[in-house]
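Residue-level structure breakdown
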Amino acid sequence: MENKNLANQYSIPVELFADILRILLKSKIPYQITGVKSRTNNILLKVLYPQDKSMAKAKENIETILDDFGHYMSGLSDAVIYSEENE
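Just so it is clear, the model here is predicted, and its values are computed rather than measured. (Residues numbered from 1 in each chain as written. Predicted model: local features only at pLDDT ≥ 70, side-chain atom pairs only at ≥ 80, totals over all residues. Heavy atoms only, no water.)

Once that is clear, we can look at the pairing of strand β2 (residues 31-37). In terms of strand pairing, β2 meets strand β3 (residues 42-50) through six bridges, oriented antiparallel. Following the sheet pairing, valine 36 is matched in β3 by isoleucine 43. The turn linking β2 back onto β3 is made up of four residues, and asparagine 41 within it adopts a positive phi angle of 55 degrees. (Pairing = 2+ DSSP bridges. Helix = DSSP H or I, 4+ residues; strand = E, 2+ residues; numbered from the N terminus.)

Before going further, it helps to examine the packing of aromatic side chains. The full count for this structure, using the stated rule, is one aromatic pair. Measuring from centroid to centroid gives 6.5 Å for phenylalanine 69 and tyrosine 72, while their planes differ by 40 degrees, and the two rings are tilted. Residue phenylalanine 69 and its partner tyrosine 72 are located together in helix α2 (residues 56-75), separated by three residues, close to a single helical turn. The ring of tyrosine 49 is capped by lysine 59, whose NZ or CZ atom sits 5.8 Å from the centre of that ring. (Phe/Tyr/Trp six-rings, centres within 6.5 Å; stacked < 30°, edge-to-face > 60°. Lys NZ or Arg CZ within 6 Å of the ring centre and 35° of its normal.)

Time to look at the nonpolar core. Within the largest apolar cluster, 16 residues are counted, with the highest numbers of intra-cluster contacts made by Ile12, Ile20 and Ile62. Breaking this core down by element, the ones donating at least two residues are β1 (5-13), α1 (14-27), β3 and α2. In terms of residue count, the dominant contributor to this core is α1 (five residues). When near neighbours in sequence (up to four residues on either side) are disregarded, isoleucine 12 contacts Phe17, Ile20, Asn41, Asn42, Ile43, Leu45 and Leu66. (Core = buried A, V, L, I, M, F, W, Y, C linked by side-chain atoms within 4.5 Å. Buried < 20%, exposed > 50% of the residue type's maximum accessible area, 1.4 Å probe, protein only. Contact = heavy atoms within 4.5 Å.)

Note on placement: asparagine 8 falls in strand β1. For asparagine 8, the side chain forms a polar contact with the side chain of glutamate 63, separated by 3.4 Å. When sequence neighbours within four positions are dropped, the list of residues in contact with asparagine 8 reads Leu45, Lys46, Val47, Tyr49, Lys59 and Glu63. (Polar contact = N/O pair within 3.5 Å; in protein donor to acceptor, adjacent residues only side chain to side chain.)

Printed below as a string of structure tokens:
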């Protein structure tokens, strides 16, 4: 029986990298850092999930963290982000 994996690629903000890495290490999921986007402070990560869905919860947690962060950042306006400059 072959042990095939499904590869997912993620662009992870640096702020979330430690949280994502903790999930991967705790679940013993193989991953590879494939690059860094220095302009956007993102780390490109390739994650290999087993096809048998044994790591479905870890995958769901990772994707939920990334989705929630994306919604959070899109909800902030420039006025909020730069409010300290106007004080």
